[in-house]
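Remarks on the overall topology
Letter by letter, the chains look like this.
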Amino acid sequence: MLLSFFAYIFTLPYRWVLWIRNKCYDWGVFKSVSLDIPVVSIGNISVGGTGKTPHTELVLRLFCQEIQIAVLSRGYRRASRGFRYVDGSDSVSDVGDEPLQIKRKFPSVVVAVDVDRVAGISRIRKDHPHVGLIVLDDAFQYRRLKPTFSILLSDYNRPYTQDLLLPFGRLRDLKSQTKRADMIIVTKTPPQSSSAEWEHQCKLLKPNSNQKLLFTCYTYYAPYRLFGERTNVLTESSGNEIIALTGIAQPQPFLDKISNSGTIVQHLKFSDHHFFSRKDICRIDEAIVQYPHAVIYTTEKDAMRLSEAPTLSLEAKAKIYVVSIQIDFCTTEDKNLFKKCLSLVNFLNRGYTPT
């Protein structure tokens, strides 16, 4: 209670800035643009860790065979400026780790980066008139554009209703802004969770009557080599030593999963979107010397940056394995509802209703 009081007092300036900004959009002082092409926004009100990019990939996996989709991201921490299309041969510094990950996993999908999402969409539409759906990765706070359908993500282990504003918590926007979402997805739901636990999440989040509440969980796949052939080593490493290497916002679910494959003897933890320096590579080499029989497990996002890290030794390259993930809905009903909602977005924006 005392922490909540001090958090409220010391975050008042930030709280007021957020309130004024949002009200300026609500009252029309700042303009929000609506486009005549379906735009699906995927985001959250917290700082990282809810799975925005994997859920963007979920949309692509479910719909890219039915409609031409383009993904637009701001390209967080990239060195380039302005609008840029993402190519599979690009570097992380040019386009950002998450856009590059999406492009390499879905090479036929148009992926672009631009801080100005309105201008970015206009450029995509001009260059790719066949595109029928735009997916915005991490755009819930981008109020210059009013999306056709807004998806808000909430971590099962840390619901936004139980969190605080920065710097005392992880919220970067006011909880009241969640009303703008058309759908709320509870991510990282334990696969073995019950309907009673889902009901508890519903009571915590208190979605409006017009908001759909769905649940997704992570499916982890067998590790593959970052360098060289994608060799499955999950069964080989069972019970052996593992060095965990992460540069993501919420590494605990990843650690929990890989601990089932062996003993984590060291966790090399870096900040989210961290670019690995020569000093960092020395830390990796020191861990290898300390644990010569251990393998290194890392995430897909970290793999994008590690693949370009300077002076990685041949021994390190031989030990680094990537654990990939895929988002799945907890129930078939949730999956069908999700597909129906996004199909309606697509159909209704073309002037007719699906049968």
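The structure presented is a predicted model; accordingly, all values stated were derived computationally and were not measured. (Residues numbered from 1 in each chain as written. Predicted model: local features only at pLDDT ≥ 70, side-chain atom pairs only at ≥ 80, totals over all residues. Heavy atoms only, no water.)

What follows covers the sheet that holds strand β12 (residues 295-299). Overall, mixed pairing links the five strands, which are arranged β9-β13-β12-β10-β11 in an open sheet. Only two strands of the sheet have a single neighbouring strand rather than two, namely β9 (224-225) and β11 (262-269). Two strands pair when backbone bridges link them, and strand β10 (residues 240-246) and β11 are joined in this way by seven bridges, in the parallel orientation. Within the sheet, the bridge partner assigned to Asn240 lies in β11 and is Gly262. Packing against the sheet, helix α9 (residues 278-290) makes contact with β10, β11 and β12, and its axis sits at approximately 155° to β11. (Pairing = 2+ DSSP bridges. Helix = DSSP H or I, 4+ residues; strand = E, 2+ residues; numbered from the N terminus. Contact = heavy atoms within 4.5 Å. Axes fitted to C-alpha atoms, helices over the stretch in contact; angles between N-to-C directions.)

Attention now moves to the sheet that holds strand β1 (residues 39-43). One open sheet accounts for nine strands, arranged β3-β4-β2-β5-β1-β6-β7-β8-β14; its pairing is mixed. Edge strands, defined here as strands with exactly one partner in the open sheet, are β3 (84-85) and β14 (325-329). Here strand β2 (residues 69-73) pairs with strand β5 (residues 133-137) via four bridges, running parallel. By the bridge assignment for β5, Ile69 is matched with Leu133. Together, β1, β2, β5, β6 (149-155), β7 (183-187), β8 (212-220) and β14 form the strand contacts of helix α3 (residues 52-63), whose direction differs from that of β14 by roughly 70°. Contacts between helix α7 (residues 195-205) and the sheet are confined to β6, β7 and β8, with β8 contributing the most and set at about 125° to the helix.

Within the fold, Gln65 resides in the loop between α3 and β2. Measuring from C-alpha to C-alpha, the distance between Gln65 and Gly28 comes to 38 Å, with 37 residues separating the pair along the chain.

Enumeration over the complete set of coordinates arrives at 17 salt bridges. The residue Arg123 makes a salt bridge to Asp127 at a minimum N-O spacing of 2.7 Å. Here Arg123 and its partner Asp127 are both found in helix α6 (residues 117-127), four residues apart, which amounts to about one turn of the helix. For Arg305, the salt bridge is made with Asp302, and the minimal N-O distance between the two is 2.8 Å. Here the residue Arg305 and the residue Asp302 both occupy positions in helix α10 (residues 300-306), the gap between them amounting to three residues, near one helical turn. Residue Arg305 shares its accessibility class with Asp302, and that shared class is buried. One connected set of salt bridges, linked through shared partners, spans Glu57, Lys105 and Glu300. (Salt bridge = Lys/Arg side-chain N within 4 Å of Asp/Glu carboxyl O. Buried < 20%, exposed > 50% of the residue type's maximum accessible area, 1.4 Å probe, protein only.)

This paragraph deals with α6. Listed as buried for α6 are Arg117, Val118, Gly120, Ile121 and Ile124. Along the long axis of α6, the arc covered by the buried residues comes to 160°, so they all point the same way. Looking at the buried residues of α6, the elements they touch are β1, β2, β3, β4 (110-113) and β5. Backbone nitrogen of Val118 and a side-chain oxygen of the N-cap are separated by 3.2 Å at the start of α6; the cap is Asp116. (Arc of directions from axis to C-beta. Polar contact = N/O pair within 3.5 Å; in protein donor to acceptor, adjacent residues only side chain to side chain.)

Turning to the environment of Ser313, a few remarks are in order. Structurally, the position occupied by Ser313 is in the loop between α10 and α11 (314-319). Sequence spacing of Ser313 and Cys282 is 31 residues, and the spatial spacing of their C-alpha atoms is 9.7 Å.

Before going further, it helps to spend a moment on helix α5 (residues 97-105). Burial runs high along α5: seven of the nine residues are buried. Buried within α5 we find Asp97, Glu98, Pro99, Leu100, Gln101, Ile102 and Lys103. Contacts from the buried residues of α5 go to α3, β2, α4 (92-95), β4, β5 and α10.

Further remarks concern the packing of aromatic side chains. Two aromatic rings are characterised by how far apart their centres lie and by the angle between their planes. The full count for this structure, using the stated rule, is eight aromatic pairs. Where Trp198 meets Phe215, the ring centres are 5.6 Å apart and the plane angle is 25°; that geometry is what we call stacked. Here Trp198, found in helix α7, pairs with Phe215, found in strand β8; they are 17 residues apart in sequence, far enough to count as distant. We note that Trp198, like Phe215, is buried. Seen from their ring centres, Phe270 and Phe276 are 5.2 Å apart, and the 85° between their planes marks the pair as edge-to-face. (Phe/Tyr/Trp six-rings, centres within 6.5 Å; stacked < 30°, edge-to-face > 60°.)

Both faces of the sheet carry side chains from a regular strand, because those side chains alternate between them. Most of β7 sits inside the fold, with five of its five residues counted as buried. The two faces of β7 match: Met183, Ile185 and Thr187 on one face and Ile184 and Val186 on the other face are all buried. With five bridges joining them, β6 and β7 adopt parallel strand pairing. Considered in β7, the bridge of Leu152 is made with Ile184. As judged from the four bridges shared by β7 and β8, these two strands associate in the parallel manner.

Its place among the elements puts Gln211 in the loop between α7 and β8. Looking at Gln211, its side chain comes within polar contact range of the main-chain oxygen of Thr178, at 2.8 Å. In terms of polar contacts, Gln211 uses its side chain to reach the backbone carbonyl oxygen of Ala181, at 2.9 Å. Setting aside anything within four residues of it in sequence, one finds Gln211 in contact with Thr178, Lys179, Ala181, Asp182 and Ile184.

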